[in-house]
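# Tertiary structure, described
So you can see what is in the structure, the chains are spelled out below.
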Amino acid sequence: MTPTQTTDFTELRAALDPLKAGREIYALMGELYPICRSITGDGFRQTLARLKKEIPLDVREVPTGTKVFDWTVPREWNIRDAYVKNSRGERFIDFRKHNLHVVNYSVPVERKMSLAQLRPHLHTLPEQPDLIPYRTSYYKEAWGFCLSHRQLQQMPEDEYEVCIDSTLQDGHLTYGECLLKGSSAEEVLISCHACHPSLCNDNLSGVTVAAFLAKYLAQAALRYSYRLLFIPGTIGSITWLAQNEERVGAIKHGLVLTCVGDRGNFTYKKSRRGNAEIDLAVEHILKTSRRDHSTLEYSPYGYDERQYCSPGFNLAVGCLMRSHHGEFPEYHTSADNLDFVDSGALGDSFAKILSVFDVLEHNRTYMNLNPKCEPQLGKRGLYSVTGGTNIKQLELAMLWVLNQSDGTHSLLDIAERSGLAFGVIREAADMLFRHDLLKPCRENGSAASHPV
Amino acid sequence: MTPTQTTDFTELRAALDPLKAGREIYALMGELYPICRSITGDGFRQTLARLKKEIPLDVREVPTGTKVFDWTVPREWNIRDAYVKNSRGERFIDFRKHNLHVVNYSVPVERKMSLAQLRPHLHTLPEQPDLIPYRTSYYKEAWGFCLSHRQLQQMPEDEYEVCIDSTLQDGHLTYGECLLKGSSAEEVLISCHACHPSLCNDNLSGVTVAAFLAKYLAQAALRYSYRLLFIPGTIGSITWLAQNEERVGAIKHGLVLTCVGDRGNFTYKKSRRGNAEIDLAVEHILKTSRRDHSTLEYSPYGYDERQYCSPGFNLAVGCLMRSHHGEFPEYHTSADNLDFVDSGALGDSFAKILSVFDVLEHNRTYMNLNPKCEPQLGKRGLYSVTGGTNIKQLELAMLWVLNQSDGTHSLLDIAERSGLAFGVIREAADMLFRHDLLKPCRENGSAASHPV
Amino acid sequence: MTPTQTTDFTELRAALDPLKAGREIYALMGELYPICRSITGDGFRQTLARLKKEIPLDVREVPTGTKVFDWTVPREWNIRDAYVKNSRGERFIDFRKHNLHVVNYSVPVERKMSLAQLRPHLHTLPEQPDLIPYRTSYYKEAWGFCLSHRQLQQMPEDEYEVCIDSTLQDGHLTYGECLLKGSSAEEVLISCHACHPSLCNDNLSGVTVAAFLAKYLAQAALRYSYRLLFIPGTIGSITWLAQNEERVGAIKHGLVLTCVGDRGNFTYKKSRRGNAEIDLAVEHILKTSRRDHSTLEYSPYGYDERQYCSPGFNLAVGCLMRSHHGEFPEYHTSADNLDFVDSGALGDSFAKILSVFDVLEHNRTYMNLNPKCEPQLGKRGLYSVTGGTNIKQLELAMLWVLNQSDGTHSLLDIAERSGLAFGVIREAADMLFRHDLLKPCRENGSAASHPV
């Protein structure tokens, strides 16, 4: 890696207009919203095809029946149409009006039945009577419809014609993978589930932000390699891990992205390790943003971090959200739509994640080459010359870096310890490095190379 | 140990009626209250004889003069009568009215004396003028009487006849020991001082609750062996430790029980180790009871935990109390009587201790046998099938157990980490074990056996 | 070391009258205040000469040009006179009126100039218009005057005669060193910068308190050797460390003293280690004084602790202050004068530091020689004999010392753990030692000797 290349990343980051990025991300989401996705099938393929126009994406197909650890890749589900027609032939429930109207992975059905017979197959939210719930039945053969409770209440006794024109057949599980090579083989994993139909915050927000991250990172000179996965939830991460076990060791940091488009404050769920560099980096960025945020300890309920953080892998993968999944009323309902997400929030999420990557890219551990007493910074032009007045922030940062650089504290550690922003600490370290006052420590047994 | 046996303990625990148990404990206390106990002598023997009707108790006799570490078993004290008579021959202070009237271990005396001569031998509580204090003089030959301050104030000048009809002679120190064998040679120690005369909370409460614990545990199939000691304070635990040094290594957990009969909230004083399994177990049970309680760090002032936790032993022995000894006004006075203790509180203490033992009995460390990604719980019927809704507590507990079972976290650790009750975590582990998803780790070098 | 000698230190400490000491310290400060000090030169020599009347002081001279790590000993600066005269020949700014009027280390100048030409060389404090600032220019050749902003505002257009009659020539850096030998070669370092001209709290307070510490310690039998350094800030500690590298290993504890004369509460800045014995000792003394105080984590901005705690040395040196340098308005201005400091505060600082040394002198780690159960203190006359009442503080302290003395807890650790004052814990340990119940552990590989 050369100094010029590294400067690129930071310059790129500095030049970013989060509002503009947010609007672009939102526009992409608008295109993806109408597609009916599931954990397999053509909706997923269509989604990847659209992303491929933006980023270099490899589309992988894994056949039904493939063993992936304790699981098996399921049959592929596709749906053309679904409805419940009343005796006058009117579509009382119409899949064409909303993808959520059909229970995802419903087996085909074509029957006439009374309301009483149909009723067990109808899902509503009595507490949120205007919203259509999102329901799935991936691993048990079933069928059903989802509708607003108000609509259900208006459903008269009748003989209904029920049709789900779906197929559940041997086929493939499809996922997208984008690898952006950096100078190191060590990887940053970005994972998002792309299996939800017509739900914006969960998780078109993660999908579109991840796509823009890939687009953006592709322009930069990178220290780490970045691997982005657009996968179906649970089965997708399990499949990837099962088929890429030998690659897992290269993953040094990771983030699952979900619910990053709403107007709420950030929520970060730490990796199972709890004190991984990614955990410290995200917390540092959220803390220095001076906005309220919450940090949660790892728990085994959530999204694909459940798999990355299973004890046999225990990867340093956290989960970044704005509002926490399951804790906002729009969650898993038709209200998680294009009105619920916000381009400003999307742009802010995008920028914050890039700030986190900026920390990862530039975090290093140095040795002070003049460890006995302070070096004379003044003679190198690094220190203001008139004594008796207060010290400047950058000079203070240099003192911190010199004092703590004994090979056991990274720049991020020093930023946290000093209460100064990582950027200031890093700038101080760069200046000291240029004046031969620091040398980078070897990390992970490989020869360390300095970015400047 | 067989599954059936273990179920027994838990079933027994579930079937317990704490209120009924409390009433029985209280009734036993009522029988023991009138006996004049001391650290040696017939009052102690009488107490053990009564307990022996309830539980299998070995009564040990250790001769006066036996060296026990830095101490020597003292002469045996017995008392028949004691009084202070006025010149009209009326008993102004009468041992027959209250055991506390005589300083415990008073040497015999039979003299006439003026009030001025007698005064230095009279103990009162001027701040609590209606109460008789409890005083002892075990290791210095002395004699004295205790009375209420109000009674002292009404004591006229007179020539008094003072009589303490006691004996202090070579004899024995007596204590009771009850060993209930479990499948393991590792022991849970329950220790209570039984040397206090006519004082209920301190410590007939500990004695009677311990007796009912023995009675109860004797019916159950046990993992651990339980050793219950009914001993005189200080010299009793020192004597037991000196004479059983080779047994000390088997003690894995222990509790000193005292002041467990009053209406106050629980107080737990941790073992000197501070993070022993018994400390975590008691705290977990008190915390999940949702009642206020306090947990204290170890300090070397208190009851027999002082000896068990001396640095040469440093056993994992904590001390469970409700109100803290020395901090309630009735402490060591005639007001610590049958009115002060409460059958409800006794039953509650009893039940809580059994809950602690339930944790100890079932706490284990497991290895997840499917550590790479989550196992598919749904195909085993362990997970609800319709997606999109909230997870159930037991399912969440299974995820926690799977995620944390890497050989370094016990079920109790997982309960604490997850915020779920131990019982739920244990049930989840049992289910996962039955489905071959967990195996118990070997503990302490011995082959691990699973309870289910 | 013999028992008599150690008793001396504590007796001396007990006999101390802090108010009297404070008045003497203040009187010495009054003598030193008028001297114009700098980091080199005759003002510094004059200061040391005055201190030498009080304490055994070695005055060291290090030639200009000597390399000290990354630094070089600068040329020596001396000043005879300085002024700005108006066209009528009146001294508008007169160095004879206040040492702060000239920028410290100003190069010689003798010129006529207009106000506009002079203006860039004039320093004021617009926010504190009545005060003269303190400014230096040690490492860049420059000259200037400092004056109150009000005086500047009254300065008319005129032709001024500007004169700084200084010399900046090869010479020496001077510092004072006082070594008081104790029975151990291990040292306590006390360091204070003595380079500030006519500034009382910063740092004649440190200088004079340190001098009185030396005077006082010289009378006592000492466990540790005490090394007191009266040095110019930064370059002085760097010079000493560079020239005494082989002695650094003997420094076990250290304190930088600064701003110990004002009326504020104590502020202690911990050593870089953060949990060194000196850190614990100072905190214990400040905490048990029951006055508000603040404890700060180490930071690399401050006084000479910056050098002692540079990563190549990482000495256990903290910094004791009352008000924190830079945070009181009088700091580095003419208002830091003899009115700002207080003899009571000086005496209190002096006494507190001696209390800290009292802890260091007597802190030891013991082994309980009767570790199995408590020893019977009563038979040794160490425990009150009537049971049933509350324990006395000294008895409680004995129980703590016995319980914790397993070779891993020092007396200071035990004091902290128990919440008892170090003095009580130490007295308990002394009593137990005299009764053969404790033996001191060997420390640092040398044979341990007990003080009593």
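## A closer look at the relation of the copies chain C and chain B
Mapping chain C onto chain B is achieved by rotating through 120° and translating by 0.2 Å along the same axis, at an RMSD of 0.1 Å. On the angle and the small slide along the axis, the relation comes out as a three-fold axis. Residue Asn275(C), judged by its C-alpha, is the member of chain C lying nearest the rotation axis, at 13 Å.

## Quick notes on the interface of chain C and chain B
Listed as interface residues are 27 residues of chain C and, on the opposing side, 27 residues of chain B. For the pair chain C and chain B, the two sides together bury roughly 2,300 Å², of which 50% comes from carbon and sulfur. Counting the surface chain C buries against chain B, the share from its top three residues, Lys372(C), Cys373(C) and Glu374(C), is 27%. One can count 5 salt bridges joining chain C with chain B. Among the salt bridges present, the one from Lys372(C) reaches Glu245(B), with a minimum N-O distance of 2.4 Å. Summed over the shared surface of chain C and chain B, the result is 16 residue pairs in polar contact (both at pLDDT 80 or more). Among the secondary structure elements, those contributing two or more residues to the side of chain C that touches chain B are helix 11 (393-404) and strand 18 (406-410) of chain C.

## Re the packing of aromatic side chains
This structure, assessed with the given rule, holds 35 aromatic pairs over all chains. Between Trp71(A) and Tyr139(A) the ring centres are 5.5 Å apart and the planes differ by 75°, which places this aromatic pair in the edge-to-face class. Taken together, the positions of Trp71(A) in strand 3 (residues 71-72) and Tyr139(A) in the loop between strand 7 (122-123) and strand 8 (145-146) put the pair 68 residues apart, joining distant regions of the chain. Looking at Tyr139(A), the relative accessible area reads 39%, which means it is partly exposed. In textbook terms, an aromatic cluster arises when at least three aromatic residues are bridged by ring pairs, as seen for Trp71(A), Trp77(A), Tyr105(A), Tyr138(A) and Tyr139(A). The aromatic ring of Phe266(B) is capped on one face by Arg322(B), whose charged end is 4.3 Å from the ring centroid.

## Brief notes about the confidence of the model for chain A
All names here are of chain A. Here chain A shows a mean pLDDT of 94. Residues at 70 or above account for 95%. Across residues 1-7 the pLDDT falls below 50, and counting only partners more than four positions away or on other chains, this stretch makes 12 contacts in the model. Within the model, pLDDT remains below 50 along residues 444-452, and this stretch shows 22 contacts once partners closer than five positions in the same chain are excluded. Interface confidence in the predicted complex, given as ipTM, is 0.93; pTM for the same model is 0.92.

## Re the nonpolar core
Counting residues in hydrophobic clusters, the biggest one holds 148 residues, and the most contacted among them are Phe145(A), Met155(A), Phe230(A), Phe350(A) and Phe357(A). Broken down by element, the residue count for this core peaks at 11 residues, all from helix 6 (residues 200-217) of chain A.

## Examining the pairing of strand 5 (residues 91-94) of chain A
Each regular strand displays side chains that alternate between the two surfaces of the sheet. Residue and element names in this part refer to chain A. Summarising the sheet, strand 4 (residues 76-85) and strand 5 pair through 3 bridges and their orientation is antiparallel. Bridging from a neighbouring strand, Lys 85 pairs with Arg 91 of strand 5. Counting the residues in the hairpin turn of strand 4 and strand 5 gives 5 residues, including Gly 89, whose phi is positive at 80°.

## A short note on the sheet that holds strand 18 (residues 406-410) of chain B
All names here are of chain B. Sheet architecture is open: 3 strands sit in the order 18-17-19, paired in antiparallel fashion. Taken across any chain shown, the strands that pair with only one partner, and hence form the sheet edges, are strand 18 and strand 19 (438-440). Across the sheet, the axes of successive neighbouring strands diverge by a mean angle of 35°, strand direction being ignored. Strand direction decides the pairing type here: strand 17 (residues 365-368) and strand 19, joined by 3 bridges, are antiparallel. Bridge pairing in strand 19 links Asn 368 to Leu 438. Sheet strands in contact with helix 13 (residues 422-434) are strand 17 and strand 19, and its direction is about 105° off that of strand 19.

## Looking at the pattern of salt bridges
On inspection of all chains with the given rule, the structure shows 96 salt bridges over all chains. The salt bridge partner of Asp348(B) is Lys352(B), with a shortest N-O separation of 2.9 Å. Taken together, the positions of Asp348(B) and Lys352(B), both in helix 10 (residues 343-362) and 4 residues apart, correspond to about one turn of that helix. For the pair formed by Asp348(B) and Lys352(B), the shared burial category is buried. The closest approach of N and O atoms between Glu297(C) and Lys270(C), which form a salt bridge, is 3.1 Å. Placement of Glu297(C) in the loop between strand 15 (293-296) and helix 9 (305-308) and of Lys270(C) in the loop between strand 14 (266-269) and helix 8 (277-288) is noted, with a sequence separation of 27 residues between them. The partly exposed category is assigned to Glu297(C), whose relative accessible area is 47%. One network of salt bridges, in which partners are shared, links Asp58(A), Arg60(A), Glu177(A), Glu187(A) and Arg227(A).

## With respect to the state of the cysteines
All chains considered together, the criterion is met by 0 disulfides over all chains. Cysteine Cys319(B) remains unbridged, with the sulfur of Cys259(B) as its closest cysteine sulfur at 7.9 Å. The closest cysteine sulfur to the non-disulfide-bonded Cys200(C) is located on Cys259(C), 11 Å from its own sulfur.

## Topic: the packing of helix 12 (residues 411-418) of chain A against helix 13 (residues 422-434) of chain A
All names here are of chain A. Contact geometry of helix 12 with helix 13 gives a least axis separation of 9 Å together with a crossing angle of 125°. Classified by the angle their axes make, helix 12 and helix 13 are oblique. Crossing of helix 12 over helix 13 shows right-handed handedness. Of the residues in helix 13, those in contact with Leu 411, Leu 412, Ile 414, Ala 415 and Ser 418 of helix 12 are Phe 422, Ile 425, Arg 426 and Ala 429. Looking at the contact of helix 12 with helix 13 residue by residue, the class counts come to 7 nonpolar, 1 polar and 1 charged.

## Comments concerning the interface of chain A and chain B
Across the boundary between the two partners, chain A contributes 27 residues, which contact 27 residues of chain B. When the buried surface of chain A facing chain B is broken down by residue, Asp70(A), Pro300(A) and Tyr301(A) rank first, second and third, together holding 27% of it. Here chain A is connected to chain B by 5 salt bridges. Counting across the interface, chain A meets chain B through 16 residue pairs in polar contact (both at pLDDT 80 or more).

## Points about the sheet that holds strand 12 (residues 225-231) of chain C
Residues and elements named next belong to chain C. The strand order across the open sheet built from 8 strands is 1-10-12-11-13-16-14-15, with neighbouring strands paired in mixed fashion. Here the strands that pair on one side only, and so sit at the sheet edges, are strand 1 (58-63) and strand 15. With strand direction ignored, the average angle separating the axes of adjacent strands in the sheet is 20°. Pairing of strand 11 (residues 187-193) with strand 12 involves 7 bridges; the strand directions are parallel. Pairing of Cys 192 across the sheet is with Phe 230, part of strand 12. Across the sheet, helix 10 (residues 343-362) touches strand 11, strand 12, strand 13 (251-257), strand 14 and strand 16 (317-321), and the angle it forms with strand 13 is around 170°.

## Section: the environment of Leu280(C)
Residue and element names in this part refer to chain C. Take Leu 280: it is sitting in helix 8. Separated by 100 residues in sequence, Leu 280 and Leu 180 have C-alpha atoms that sit 24 Å apart. With residues near it in sequence (within four places) discarded, Leu 280 still touches Asn 275, Leu 412 and Asp 413.

## Details of helix 3 (residues 42-52) of chain A
Residues and elements named next belong to chain A. Buried within helix 3 are the following residues: Gly 43, Phe 44, Thr 47, Leu 48, Arg 50 and Leu 51. Looking down the long axis of helix 3, one finds its buried residues gathered within 160° of arc, a one-sided arrangement. Considering only its buried residues, helix 3 is in contact with helix 2 (18-32), strand 1 (58-63), strand 10 (172-180), helix 6 and strand 12 (225-231).

## With respect to the pairing of strand 10 (residues 172-180) of chain B
Residues and elements named next belong to chain B. Summarising burial for strand 10: 7 of the 9 residues are buried, a large majority. When strand 1 (residues 58-63) meets strand 10, the two strands line up antiparallel, connected through 6 bridges. Residue pairing across strands places Pro 63 opposite His 172, the latter belonging to strand 10. Bridge count between strand 10 and strand 12 (residues 225-231): 5 bridges; the pairing is antiparallel. Bridge assignment links Gly 176 to a residue of strand 12, and that residue is Phe 230.

## Description of unusual backbone geometry
Residues and elements named next belong to chain A. The omega angle of the peptide bond from Asp 202 to Asn 203 is 15°, so this bond is cis rather than trans. With respect to the helices, strands and loops of the structure, Asn 203 is situated in helix 6. In this structure, Thr 234 takes a positive phi of about 65° despite not being glycine. Note on placement: Thr 234 falls in the loop between strand 12 and helix 7 (235-243). On the accessibility criterion, Thr 234 (26% relative accessible area) is partly exposed.

Cut-off values and rules
Residues numbered from 1 in each chain as written. Chains lettered and ligands numbered in written order. Predicted model: local features only at pLDDT ≥ 70, side-chain atom pairs only at ≥ 80, totals over all residues. Heavy atoms only, no water. Least-squares fit on C-alpha atoms with pLDDT ≥ 70 in both. Contact = heavy atoms within 4.5 Å. Buried area = accessible area lost by both parts, 1.4 Å probe. Salt bridge = Lys/Arg side-chain N within 4 Å of Asp/Glu carboxyl O. Polar contact = N/O pair within 3.5 Å; in protein donor to acceptor, adjacent residues only side chain to side chain. Helix = DSSP H or I, 4+ residues; strand = E, 2+ residues; numbered from the N terminus. Phe/Tyr/Trp six-rings, centres within 6.5 Å; stacked < 30°, edge-to-face > 60°. Buried < 20%, exposed > 50% of the residue type's maximum accessible area, 1.4 Å probe, protein only. Lys NZ or Arg CZ within 6 Å of the ring centre and 35° of its normal. pLDDT = per-residue confidence, 0-100. Core = buried A, V, L, I, M, F, W, Y, C linked by side-chain atoms within 4.5 Å. Pairing = 2+ DSSP bridges. Axes fitted to C-alpha atoms, helices over the stretch in contact; angles between N-to-C directions. Disulfide = S-S within 2.5 Å. Parallel < 35°, antiparallel > 145°, perpendicular 65-115°, else oblique. Left-handed = near helix turned anticlockwise from the far one by under 90°. Nonpolar A, V, L, I, M, F, W, Y, C, P; charged D, E, K, R; others polar. Arc of directions from axis to C-beta.

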